Amino acid sequence: KKAKAIVVHVMDMFSSGFASPWPTRRAAQWLKITERLIVVQSITATKRELVQELVGSGQDLAWRSLSEWDSSTLLPSHLCQFMGEILPGCRPDG
């Protein structure tokens, strides 16, 4: 039985050049044991590299970014606070 998802967390290995990019054909071997392969990097050169999922098959295999979302709702409220007021635009309404 396949796992629903495997998440691989790495420190800034790929963006900093400590490791060469993970070839999709090698990463695809993980899809034999999981339905979804997700890579999370702690530090990246671009936002799109923070969270990526391996999608497709064969020649169409590619890394798709899951990083294009607004994370401001996850910010602790004290980061948006200045002199007792929540700064406008720091967190969405609600």
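Everything below is about the structure printed above this text.
Report on the accompanying structure. (Residues numbered from 1 in each chain as written. Predicted model: local features only at pLDDT ≥ 70, side-chain atom pairs only at ≥ 80, totals over all residues. Heavy atoms only, no water.)

## As for the overall build of the chain
No. 1: Along the backbone of the chain there are one helix and six strands.
No. 2: N-terminal to C-terminal, the α/β element order of the chain is β-α-β-β-β-β-β.
No. 3: Sorting the 94 residues of the chain into buried and exposed places 21% on the buried side.
No. 4: A sequence separation of at least 24 residues applies to 45% of the contacts in the chain between residues at least 6 apart. (Helix = DSSP H or I, 4+ residues; strand = E, 2+ residues; numbered from the N terminus. Buried < 20%, exposed > 50% of the residue type's maximum accessible area, 1.4 Å probe, protein only. Contact = heavy atoms within 4.5 Å.)

## Section: the packing of aromatic side chains
No. 1: For the coordinates displayed, the defined rule picks out two aromatic pairs.
No. 2: Note on Trp-22 and Trp-30: the rings are 6.3 Å apart at their centroids and 90° apart in plane angle, and the pair reads as edge-to-face.
No. 3: With a relative accessible area of 23%, Trp-22 lands in the partly exposed category.
No. 4: Classification of Trp-30 as partly exposed rests on a relative accessible area of 33%.
No. 5: Ring pairing ties together the aromatic residues Trp-22, Trp-30 and Trp-63, which thus form one cluster. (Phe/Tyr/Trp six-rings, centres within 6.5 Å; stacked < 30°, edge-to-face > 60°.)

## As for the pattern of salt bridges
No. 1: Evaluation of the coordinates by the stated rule reveals two salt bridges.
No. 2: Ionic pairing is found between Glu-53 and Arg-36, a salt bridge with its closest N-O pair at 2.8 Å. In this pair, Glu-53 sits in strand 3 (residues 51–55) while Arg-36 sits in the loop between helix 1 (24–27) and strand 2 (37–41), placing the two residues 17 residues apart along the sequence.
No. 3: Accessibility expressed as a relative area gives 37% for Arg-36, which makes it partly exposed.
No. 4: The class for Glu-53 is buried, based on a relative accessible area of 6%.
No. 5: Salt bridges linked by common partners bring Arg-36, Glu-53 and Arg-64 together as one network. (Salt bridge = Lys/Arg side-chain N within 4 Å of Asp/Glu carboxyl O.)

## Remarks on the environment of Val-55
No. 1: For Val-55, the position within the fold is in strand 3.
No. 2: It is 10.0 Å that separates the C-alpha atoms of Val-55 and Ser-65, two residues lying ten residues apart in sequence.
No. 3: Those residues within four positions of Val-55 in sequence are excluded, and the remaining contacts are Asp-60, Leu-61, Ala-62 and Arg-64.

## Examining the sheet that holds strand 2
In a beta sheet, neighbouring strands pair by backbone hydrogen bonds and run either parallel or antiparallel.
No. 1: The strand order 1-2-3-4 describes an open sheet built from four strands, whose pairing is mixed. Edge positions in the sheet fall to strand 1 (6–10) and strand 4 (62–65), since each of these pairs with one other strand and no more. This sheet shows a mean twist of 30° between the axes of neighbouring strands, independent of strand direction.
No. 2: As judged from the five bridges shared by strand 1 and strand 2, these two strands associate in the parallel manner. What sits directly across from Val-10, in strand 2, is Gln-41. (Pairing = 2+ DSSP bridges. Axes fitted to C-alpha atoms, helices over the stretch in contact; angles between N-to-C directions.)

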